[in-house]
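Given next are the chains, with one letter for each unit.
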Amino acid sequence: MSDEKNRATAAAILPLVGGAANITSVTHCMTRLRLGVADRSLVQDDALKALPAVLGVVEDDTYQIVLGPGTVARVTPEFAALVDAGRDAAPVPEDPPATPPAPAPAAPAPPTAEELAAQGAALKARQKARNATPVKLFLRRIANIFVPLIPALIGCGIIAGLNGLLTNFGVLPALVPALAAIASGFLSLIAVFVGHNTAKEFGGTPVLGGAVAAIIMYAGVAKVTAFGHQLAPGQGGVLGALGAALLAVQIEKWCRRHVPEALDVLVTPTVTVLVSGLVTLFGLMFVAGEIATAIGTCATWLLAHGGAAAGFLLGGLFLPLVMLGLHQALIPLHTTLIEQQGYTVLLPILAMAGAGQVGAALAVYVRLPGNRSIRTTIRSALPAGFLGVGEPLIYGVSLPLGRPFVTACVGGAFGGGFVGLFNQLGTAVGSTAIGPSGWALFPLLKGNQSLGATLLVYALGLLIGYAAGFLATYFFGFGKQARTELNTAPPPPGADAPAASRPDAARPDQQPTTV
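For every chain, the first residue of the written sequence is number 1, and numbering continues from 1 along that sequence. pLDDT decides what is reported in this predicted model: residues at 70 or higher carry local features, side-chain atom pairs at 80 or more are listed and counted, and totals for whole chains, interfaces and linings draw on all residues regardless. For the side-chain quantities, the full set of heavy atoms in the structure was used; hydrogens and water were omitted.

1. Considerations on the pairing of strand β1 (residues 23–28)
Next, step 1: Two strands pair when backbone bridges link them, and β1 and strand β2 (residues 32–37) are joined in this way by five bridges, in the antiparallel orientation. Each residue of the ladder has a partner; that of His28, found in β2, is Leu33.
Next, step 2: Hairpin connection, β1 to β2: the antiparallel pair is bridged by three residues. For two strands to pair, DSSP has to find at least two bridges joining them. For the purposes of this entry, the term helix denotes a DSSP run of H or I that reaches at least four residues, the term strand denotes a run of E that reaches at least two, and both are numbered from the N terminus.

2. A short note on the packing of helix α6 (residues 150–169) against helix α7 (residues 176–188)
Helices that pack against each other are described as a pair by the angle of their axes relative to one another and the distance between those axes.
Next, step 1: For every element, the axis is a line fit to its C-alpha atoms; helices are fit only across the contacting stretch, and the angle between N-to-C directions ranges from 0 to 180 degrees. One can describe the packing of α6 onto α7 by two numbers: an axis separation of 9 Å at closest approach and a directional angle of 155°. When the axes of α6 and α7 are compared, the pair comes out roughly antiparallel. Between α6 and α7 lies a crossing whose hand is left-handed. Where α6 approaches α7, its residues Ala152, Leu153, Cys156, Ile159, Ala160, Asn163, Leu166 and Thr167 are matched on the opposing element by Val176, Leu179, Ala180, Ile182, Ala183, Phe186 and Leu187.
Next, step 2: In this count, Pro and Cys sit with the nonpolar residues alongside Ala, Val, Leu, Ile, Met, Phe, Trp and Tyr, while Asp, Glu, Lys and Arg are called charged and the others, Gly among them, polar. Partitioning the contact of α6 with α7 into residue classes produces 13 nonpolar, two polar and no charged. Orientation labels follow simple angle bins: below 35 degrees gives roughly parallel, above 145 gives roughly antiparallel, 65 to 115 gives roughly perpendicular, and whatever is left gives oblique. Here a crossing is taken to be left-handed if its near helix is turned anticlockwise relative to the far helix by less than a right angle, and right-handed if that turn runs clockwise. Contacts between residues were defined by any pair of non-hydrogen atoms, one from each residue, lying within 4.5 Å.

3. Let's talk about the pairing of strand β3 (residues 56–59)
Next, step 1: Looking at chain direction, β3 and strand β4 (residues 63–66) are connected through four bridges and run antiparallel. Directly across from Val57, in β4, lies its bridge partner Ile65.
Next, step 2: Linking two consecutive strands that pair antiparallel, namely β3 and β4, is a turn of three residues.

4. Observations regarding the side chain of Thr272
Next, step 1: Looking at the element boundaries, Thr272 is found in helix α11 (residues 261–324).
Next, step 2: Partly exposed describes any residue whose relative accessible area lies between the buried limit of under 20% and the exposed limit of over 50%, with all areas from a 1.4 Å probe on protein chains only and scaled to the type maximum. The class for Thr272 is buried, based on a relative accessible area of 0%.
Next, step 3: Polar contact is the term for a pair of N or O atoms within 3.5 Å; when the atoms are in protein, one must be able to donate a hydrogen and the other to accept it, and sequence-neighboring residues count only if both atoms are side-chain atoms. Polar contacts involving the side chain of Thr272 include one to the main-chain carbonyl oxygen of Thr268, which spans 2.7 Å.

5. A few points about the nonpolar core
Next, step 1: For this analysis, a nonpolar core means a set of buried residues of the types Ala, Val, Leu, Ile, Met, Phe, Trp, Tyr and Cys, connected via side-chain atoms within 4.5 Å. Membership of the largest hydrophobic core comes to 66 residues, with the highest contact counts inside it found for Phe146, Val194, Val364 and Tyr458.
Next, step 2: Phe146 has contacts with Val194, Val238, Ile331, Pro332 and Thr335, leaving out every residue within four places of it along the chain.
Next, step 3: Residues Ile13, Leu14, Val17 and Leu51 belong to the second largest nonpolar core, which totals 21 residues.

6. Notes on the side chain of Thr336
Next, step 1: Along the chain, the position of Thr336 falls in helix α12 (residues 330–341).
Next, step 2: Apart from residues no more than four positions distant in its own chain, Thr336 is found in contact with Val238, Leu239 and Ala292.

7. Focus: the packing of aromatic side chains
The relation between two aromatic rings is expressed through the spacing of the ring centres and the mutual angle of the planes.
Next, step 1: Here the aromatic set is Phe, Tyr and Trp, taking the six-membered ring for Trp, and pairing holds for ring centres within 6.5 Å; pairs whose planes are under 30 degrees apart are stacked, those over 60 apart are edge-to-face, and all others are tilted. Considering all chains together, one arrives at 10 aromatic pairs under this definition.
Next, step 2: With a centroid separation of 5.5 Å and 80° between ring planes, the pair formed by Phe386 and Tyr466 is classed as edge-to-face. Taken as a pair, Phe386 in helix α15 (residues 372–386) and Tyr466 in helix α18 (residues 451–476) lie far apart in primary sequence, 80 residues in all.
Next, step 3: An aromatic cluster of three or more residues is present, and its members are Phe386, Trp439 and Tyr466.

See below:
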């Protein structure tokens, strides 16, 4: 997308989210523009979804506009610049115009794509409320620590893959050491970045969190003995850095409350680094190291002895985990495995959930030839789905319809079971970074066998996920009556049928996961 198109996209989005005065924060992740909005009623969901560049919208702790990988990183700075310019140019209106009320639903049969999207948004909102528990909110904050690191992980992972190809084929041997240094430099210091982001996320001074985490990577820790064992540089990795920075934040906050202001600039950083550093050296590094080792050992053992069953469960349950907000607990596990083994064996299995979603959407497209609205939504969302961006299909199609969401999970289970089976047979399939999925994961694949074998297993897993999701949805995704209603033209005005009469359509008071 050119700079002009990026600016045009940002300019089209801004008035639909209430203008610059309604924006409190602007960030982005791999695929989504994440906005803090002051007044949710000013956001025009339907108009946003109608923009060509917008793949979908998701409401969570922030208002998230799905733009897709690559595009979001280019649109975000343009959007932020427009927000800053808008704030400088105009004051906040005292009485912002209210958004016209949405027309009362006429409960047509079949439901349109807009109605399904509204149902998906309602389901998302209810799930968000259920996910606002202390544990899940804490997991979300942990995820916020690692999400900013994903671009560097992806870039270094691709360079590492390229370097592996050069090494295997004996091409440009003089370049191999340089590429190895470029690919490994970030991972060798990733604990420092984790410490910095942890302190920032939990209200401490970021550089103090980074300073404490840097102790873990210092070569001189090899001279320190804890619990009768000599420490090793990097022991504990990102988990140790996370714990050390969390401790540093608490110590810093205590100092800010109790140290006189005249001494604060000297005492607070010194006490923070000293106390948390000592605890890290003589406790956290050893404990976190044991936990990290156990994670690697457990993942390896699980896939080596029960790979097919484990892959089936992980692939099938990942989408429900996302709905429950529990998937964020996996991010530190992925990072720990990458740090230990050079790749995470969990991500390719979990990526099969997206394959099942694509297969289910294709089946919905085939089974509903008379519903042009839903078919148009699927056509527009499928390219993103193949690249691993599943939100438009989940919240715009399968989740509101109910059964197709369940059958999509079945597709993910079979794809995950296939990849897990090959792990059990000795062909590990892993990813050198986290974030991408679907076809976008191919450049990051790595395993314990040849690159060709790794690519082949993953590709076959995707095909099995597509096929299983398609077949499960085609044969079991709709009841006969529901399929007939969804394929029937809308009735004339006055011939309304209550929405509750559609047994397979999700209703505001009902979770769409029954079959």
